[in-house]
Every structure is written in structure tokens, then in C-alpha cells.
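Architecture at a glance
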Amino acid sequence: MSEFPLLSIRGLGVDFTTSRGRAHVLRGVDLDIARGRIVGLVGESGSGKSTLALAILGLLPPNAGSVQGSIRFDDVDLLNSSAESLRSLRGHRIAMIFQDPMTALNPVFTVGTHLRDVLNAKGSGEDAMEHNKRALEMLAKVGIPDPEQRLKAYPHELSGGMRQRVMIAMALLTTPDLLIADEPTTALDVTIEAQIVSLIREMRTHVRGSILFISHSLGLVSELCDDVAVMYAGAVVEQAPSVELFANPRHPYTRALIDCEIGLDDDDGQKLRSIPGEVLDPLAVAPGCTFAARCSLAEPRCHDQAPQFRSVAPKHGVACFRA
Amino acid sequence: MSTIFSHIWRSSTGRFGLILAVAIIGSAAFAPWLAGDPNRIDVFNRFAGPSWQHWMGTDHLGRDLFSRILHGARIAMEVAAAVTAIALSLGTVLGVAAGYGPRQVERPILILFDILYSFPNLIFALALVAILGPGLDNVVIIVAMTVMPHFGRIARAQVLRLKHAPFLEAERVLGASTARIVFRHVIPNIAGPLIVVAGMEVPAVITIEAGLSFLGLGARPPLASWGTLLHDGYTYLSQSGWPVFFAGMMLTTATLAFTLFGEALRDAIDPRLRMDP
Amino acid sequence: MPLPLVAIRNLSVVFPGPLRAVDDVSLDIAAGETLGVVGESGSGKSTLAKTIVDLHRPTSGQVMFEGQSSQAFDRLWFRRQAQLVFQDAASSLSPRLTVRQLLEEPLRIHGLAIGEHWAGVRGLLGAIGLPAQVLDKYPHQVSGGQARRIAIARALVLKPRLLIADEPTAGLDVSIQGDLLNLLRGLQQSFGLTYLIVSHNLNVIRRVTDRVAVMYLGKLVEIGSTKSLFSRPAHPYAAALIAAGPVIDPLRRRPRIVLRGEIPSPLRPPPGCRFHTRCHFVRDRCRVEVPPMARIAEGHETACHFPFVASSEEGSDAAPLGAGV
């Protein structure tokens, strides 16, 4: 990697205080997001993907007890920034698209108000007319028909796909350096998902920044992303360029996950694959590899020694002794 | 069950209400053993103040106030229990019928609820006493009628919330009859909020009963109800303030106790306020 | 030709609105087969499933079970023939009953002696992979995967012949979805079940079904054997749906067909072919005339005026698959 990455996360650990005890939601995440790349973050439920996104945004809930490690965004140390500077960062340089746009859109404000608010917050010094014009252009750009009409619409009057387009328009208006998209298509129908994915792909031509695309779908990530990071039980276990990762997966978990996907030419008689066992309980303390209990290649040291994240090929990192 | 109890116990007001309510119910239940005959007249000892012999003094006929107040608690608790039981069961039946049944059943029930609801409680009760005549049995029926729509409406709202729940559809697919679905699957799942309402209605019922008895429309002399005690006390207020003081105290304490307990019960059962399963 | 286990004839289900959730659908389910139903929101696939088990009444048309209308049957007898596993399995379990009570419930409803049949239920638990400890738990105390298995076990207690599974893998992680599908397949073999599997996941449907029905806005638009429908979809919607599923292997990626526009509201379906507002190959006729189901190959039918067909005279001028990329 010639230049230093846009976002660099090292040893990020986040614990939550719950009624059952201390939950280790992130257990030392290492992740780099290079400039101008779409980075896919895949993992199953409970792997900590969404918590990671919130940590980057500085929006961890109050019951997040201890936070360790570092998150560097460009030259800013995010974990040691004031709430004020984080807020300004979120309005200007980092934007987020959620799985459910209704949680991020205020039901009593029109689409136009939402878009103009983004521009106001940016404080570009333009007047209201100019803001309106830019909001209209952006709605057209994200493929919303009749943008003039939609500007006056309330969130509940739009379909799920349209709301997601509005979210994307809001995110693009901030011209962020980093756009975080947390499962933006999970709630959508397949044909609408295809539309949103092709929109995100097109966006690359308009945005020079990077995108962190969080998803549980390997297929989606492989089609859309330049780089892929695989998360398991609160840690990134493997990261590589997309083509490399899917052609040459090194971590046993990544391989098992790819095997579980139903292939195009699977034989009908064949049994479908699955990963035996259960995801490590967040409350558990794991001295060794978090995947060891389910891993078919595990050897004694995997259970009591944590494998370090290391480079196995150019730009290909993996946290496994056996890789 | 034990989680609900421990939840109530953990809140200081809930614990206070629970202890007081248990004390009142206990003293009502054991009144005949705790105190003497409430109706023994002792004309030489009228309007006595508190003493070792008469802890709360005596009334205008020299009857022991402590005993009368404990027996009054008995009446208050009996009326509250009877009213809540009738209103709860009738309200649940009608509410479930309105919520689960067809429109032809729902409409008349809702109209009935609206009619019963639209009258102010006491005035409605007065009107009914005029028709049915005074007496404790009638008070029970009357008060039950005035609070019943409250239960009915809650029951209906809960049923409407559940009506299309997948677990009810799943039972239908298995072949369960409507009666089975209602009794085995609907009612147990709406019981929580109804019990909460019952808890909250008890202090109101106690007050209405006392009010009607005060007006001479409920418990009839010589029966010792807090309402009649208050009434007699007011009549002879110039001779002694003790009867009004103790009867009023008791009424206030009981209302407060059951209100605090009812609120704690609501906090314990209402899932919106509950923290952990 | 043997009598189909289920025959659906001109079935329409209209909800107040009016919302034509299912509109004039006819199809057969043969005994022992696995039929998949795919479609997006508003397609009516769940309504179809619920109508087959008599949770919704047909507005017109009928559902016939072994040649007789389902509504003519004795209710309890019919319930022993067809069962449904709900999409949201956890909330399909009555919350105040223990798992044991939940499993006894079907026996009680049908007046079957629990002592006599409980051994069979225990055997079923073993086959489904539920540990005995789960019996004394309440639904909120079991995991999502276990809730799904309990719902399946409950449906099978009555030994039905048809089992309908509504989105059996929705919300499951890929790492465990295979287990569930293997289980369904194993149960089919050991109990001789006929399956109707409703899903929006085309990978799952392609993998586990023998035949597939594609629905769009309440209409059946294509039905055929899974092999033939996935390799040669005839309806532009079916083709787009198949092409929309993301594929990991870059060498195996199909050309994408990104459909324009939104799925119209089922309250105001477009006239003519319901799909014409989003179809890349729409012509004037599509806007006015509702296309009927027509046979395009052995056991493969579609409702399109201009289907993709390799070698028919009418289809020769139709646009080739994937031309809309």
C-alpha cells in the first residue's frame, strides 16, 4: 500500500455492559479502508459489523463500556476527538446509509427539508434557491422520478426503494470522503436491490471518496466491492481484494462461508453445507481463536493462543495460524 | 409470578403499597378476632377519645371505633373484590366478543360501553340506586357496571392487537376451534393488562363505595362501612372529631396503598416499562 | 394422468380495498413433489399459501384437495392433510405455552390420546434435531433456529401430506440455512411429504424445488420445472428475477437485467399485462390485453404475449434474453 489509508482501525475492542454481564462485541478489529475503494464488510448476525460502523461514526450507545484500540480517519484520531468535532466530521466527511431509512428520516419533515438541512449543516454559504436546485439535481441523479413532486413528499409516502434513494441523495450531498452503507438493500425486494446496487456502483463516478459496504451477502459484496473484509465474532479474520479473496480464501471461516452459499451448478442430490456449532457467545472470554470451536482445521494452539492478523500475500491479510 | 413480585418489591413505593395493602386485607379478614363486636352499644361511654380499652375511641352510641373501622375494611375489601371480579369477568367476555367476533356483535357492545362510560360514575350510580334501591348488593352491581367498560375496552384493544398474530393463525391451521383459541390462547395473553387495570380500579371502587354509603345509599346502619362511619362522624362532629379523623385516615390510607400497589403492578407487568424478561 | 394432490382453479382472493392479492391463479401440486413459489412484495405468494390452508377464503375459484373442494371437507380431516409453517416461526408459537404443551396441542385439538401418540412426537423431535431439554422451555427462551424446528415439528405431529413452508430460510444466516434445508429434504423422504415452498430467495428455490411458479402482483406469470425455468425463463420478469440474484464467481455472472421503476401498488395494478410498466420489451398489446397462460414447452407455461422462446414462430421476433442490459 503506497499511501496511507483513509481509515485505519487497529485493535479496536468494544465491550457492552448488559444485564447478563460484559459482552465483548468487538474483540480487536484491524481494518484498513484505502482511498477511493469500495470495501465490503461481510459477517453473520452478531459478528459486530454494525457496532463497528457506529464506532467509526462516534455513535456508540451509552452502554458501550470500554473502548480500546485506535481509529484513524485521515489524520484525525476518532476515538480521542471531541463530540463537537465528531459531529462536524459526520456532517462533512463521513456519511451513513442505514438498513431501514425510516429510522434515519424524520416522519414530520418533507424530503426537501431533509436535503436542504444537509446543505445548511454544511454551511456552504449558498442561499435557499441554490439549495433547492442542488437538492433537485441530486434527486434526479439518484434516479427518483418527478423530483419536484418528491421534494414535497413525506418519508411515509415513498416506497422502501425510494426512501433508500433519498438516503443516498442525502449522503451524496455531503460529498463525504467516507460513506458507510449498513445493509442498505436487505429490506428491499430483489429487483429493487439490483437497482440500488447499480446506483451505488454509478455513484463511484461522482464520488472520489471510499465506501464501506456492510452486508451479510457474499454474492452482493463480490459483485460490488473492490476489497472485502470478513468479520467473525467481533474481529476481522480476513481482508483482501475481492477477486483475490473469493478466488483464494485463506481463513477456514471464509472458506466455510463461501461453501455454504448455494452455487449455480450444485448437484440436487448433494447435501447443502453448513457450519456446525454456534457463534461464540459475546459474554465468553476467548484466549484463542474465536472460530476454533467450529473450525475443522483447529489444532491445540488455536484454542489457547490468539492468531495475529498477518499478511499472507500482497494486500491479503488473515488471522489464522493455518492459513 | 415471582419476577412480578420481586419487581414490585424492588420499588420503594411498590413495597410500601404492598405492605399496607396486605395489612389492610389481613386486618379485614381477621377483624372478628382482632377486635370486639362492632355493634355493642355502650351509652355511658359515648364520644370517648382513644384509650387502652378503645384504641380509636367510641362513636355516638359508644360503639368501639377500632372494631367498626376493621369491620369497615372488611366491607370495603368485599365490595372491591366482588366489583372487580364481576367487572373483570363481564368486561373480558364482552371485550373479547367485541374484538374477536363479527361486526354485528362488536357494534352493540361498543355502544353499551359508550353509554356506561359517558355518565359520571357517581351520578350514574345515584341514578341506578334510585331504580334498584339502596343496599350493599346493589352497590356492588352498580359500581361493577360503571367500571366494567374500562375492562371491556382494554380487553377489546388487546384482542385487536393479537387478532392477526401468527400464533393464532397457526392454531387455526392446526384445526383449533374459535372457543379453544379464545380461552387457551387469547385470554392468557391479554390477562396481564387486565390485571393491571383491576389493580388500578380497586382504590376507585373503595372510594365510590364509601361515597355511596356516606350518602346512605350503600351499607345501611348498623353495618360499619367507612362511608357510614364518616357520615355518622360528620353528624356528631361537634361532640367528637375522632370518628371522622380515623375513618378518613383509613379511607385515605387504603386508597393510597392500593394506588401505589396498582402502579407498581403496572410497572411490573407492562412490557413497555419492563427492563428484562 | 394421476390426480394432483392439490388443484388450484381460477383462484382469486380479494381483500377490502379492493386489493386483488391473488388474481385468477390456477396450478397443480402433484403428490410427492416440491413446488416453489417465488415473487416480490405484493406478489400474493403468501396469500396463496394461506388460502391453500384455508386461512383466507377464496373470493372466487377454488382449492381442491384430491379432487374435492377444501371447504367441503370435515375441518379436522382437512387439517390433518395440509399444514403450514409460518415465515416468522418464533411468533407462530403461542407465547404462554411450553414447548411440550405446544407439541401436545395438535393432539388435543384432534382428540388424540397423548399417551398413545407421544412416543411418535418424541421420535419426530429426534428426527428434527431438537434436544429433549427444550420441551420445558417457553418460546421466548429458545433460539430462532430452534423456534423454526419447533414450528416444523408441530406441523408434522398430525402427519400431514402437504407441508407449506413460507420463507423457511428468511432471516437465517447462510452458515445454518443449509442445515434447515437438509432437514426439510430429509423429512420429505422419511414422511413422504409434498412441499410448497414460498420464498424470495432464488438460490434456495433453485436448489430444493422440482417445479417453480413465479408470481407478480397477484398473477401467476410463469410455471415450469426448476431446471427449465432457471435455464430458459420465458417471461421477462422471471428472467430479470433470476438475473438479479448476485453471484460470487465473477466468471459465472449473468448479464444483469436491472428493471426500471417500482413494483406498482397491488391496490392499483396496471391494466393489461401487470408487468408492462417495468418490462424492457413492452409493446402496445401488453398495455391493454391480459396475457393468458400458454404452454411453451413440456410442463412449462407462461403468461406473456412475447415470451423468450428459442424456436417458435411467434417468439422469433421477441427480444433475446439479456438484451436489456
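The rules behind each value
- Residues numbered from 1 in each chain as written.
- Chains lettered and ligands numbered in written order.
- Predicted model: local features only at pLDDT ≥ 70, side-chain atom pairs only at ≥ 80, totals over all residues.
- Heavy atoms only, no water.
- Contact = heavy atoms within 4.5 Å.
- Buried area = accessible area lost by both parts, 1.4 Å probe.
- Salt bridge = Lys/Arg side-chain N within 4 Å of Asp/Glu carboxyl O.
- Polar contact = N/O pair within 3.5 Å; in protein donor to acceptor, adjacent residues only side chain to side chain.
- Helix = DSSP H or I, 4+ residues; strand = E, 2+ residues; numbered from the N terminus.
- Nonpolar A, V, L, I, M, F, W, Y, C, P; charged D, E, K, R; others polar.
- Phe/Tyr/Trp six-rings, centres within 6.5 Å; stacked < 30°, edge-to-face > 60°.
- Lys NZ or Arg CZ within 6 Å of the ring centre and 35° of its normal.
- pLDDT = per-residue confidence, 0-100.
- Pairing = 2+ DSSP bridges.
- Axes fitted to C-alpha atoms, helices over the stretch in contact; angles between N-to-C directions.

**Observations concerning the interface of chain C and chain A**
Each partner contributes residues to the interface: chain C has 36 residues there, and chain A has 39 residues. Carbon and sulfur atoms make up 51% of the area that chain C and chain A hide from each other, which totals about 3,400 Å². Sorting the residues of chain C by area buried against chain A places R207, I248 and E262 of chain C first, and these three jointly supply 22% of that buried surface. Where chain C packs against chain A, one counts zero salt bridges. Our count for the chain C to chain A interface comes out at 15 residue pairs in polar contact (both at pLDDT 80 or more). Residue assignment for the side of chain C that touches chain A shows that the elements contributing at least two residues are α6 (174-191), α7 (202-208) and α9 (236-244) of chain C. The element that contributes the greatest number of residues to the side of chain C that touches chain A is α6 of chain C, accounting for nine residues. Here the side of chain C that touches chain A is composed, by residue class, of 14 nonpolar, nine polar and 13 charged.

**Details of the packing of aromatic side chains**
Evaluated as defined, the whole model comprises 14 aromatic pairs over all chains. Through successive ring pairs, a cluster of aromatic residues spans Y232, Y253 and F291 of chain A. Positioned above the aromatic ring of W9 of chain B, the side-chain terminus of R15 of chain B is 5.7 Å from the ring centre. Between the NZ or CZ atom of R283 of chain C and the centre of the ring of F306 of chain C, over which it lies, the distance is 4.0 Å.

**Side note on the confidence of the model for chain B**
All names here are of chain B. Averaged over every residue, the pLDDT of chain B is 86; the share at 70 or more is 96%. By mean pLDDT, the top-scoring element of chain B is helix α8 (residues 166-174) (94), and the lowest-scoring one is helix α6 (residues 121-132) (78). Ignoring residues within four places in sequence, the model shows residues 271-277, a span with pLDDT below 50, making six contacts including any to other chains.

**Some details on the confidence of the model for chain C**
With 94% of its residues at a pLDDT of at least 70, chain C reaches an overall mean of 89. Scored below 50 in pLDDT, residues 312-325 of chain C shows 21 contacts in the model against residues more than four places distant or in partner chains.

**Considerations on the sheet that holds strand β12 (residues 316-318) of chain A**
All names here are of chain A. Strand order in the open sheet made by the eight strands is β6-β7-β8-β3-β9-β10-β12-β11, with mixed pairing throughout. Across the chains shown, the open sheet's two edge strands, defined by having one partner strand only, are β6 (94-97) and β11 (310-313). Along the sheet, successive strands turn relative to each other by an average axial angle of 20 degrees, direction set aside. Judged from the two bridges that link them, strand β10 (residues 235-241) and β12 form a sheet pairing that is antiparallel. If you follow Q239 over to β12, its bridge partner there is G317. Sheet contacts for helix α1 (residues 49-57): β3 (38-42), β6, β7 (178-182), β8 (210-215) and β9 (227-232); angle to β7, the most-contacted strand, approximately 150 degrees. Lying on the sheet, helix α7 (residues 160-173) is in contact with β6 and β7; it crosses β6 at an angle near 180 degrees.

**Comments concerning the sheet that holds strand β5 (residues 68-69) of chain C**
All names here are of chain C. Read across the sheet, four strands follow the order β2-β1-β4-β5 without closing on themselves; strand pairing throughout is antiparallel. Where the open sheet ends on each side, the last strands, each with one partner, are β2 (19-29) and β5. In this structure, strand β1 (residues 6-15) lies alongside β2, joined through seven bridges in antiparallel fashion. Of the residues in β2, the one forming a bridge with F15 is L19. Contacting β1, β2 and β4 (60-65), helix α1 (residues 45-52) crosses the sheet at an angle of about 115 degrees to β1.

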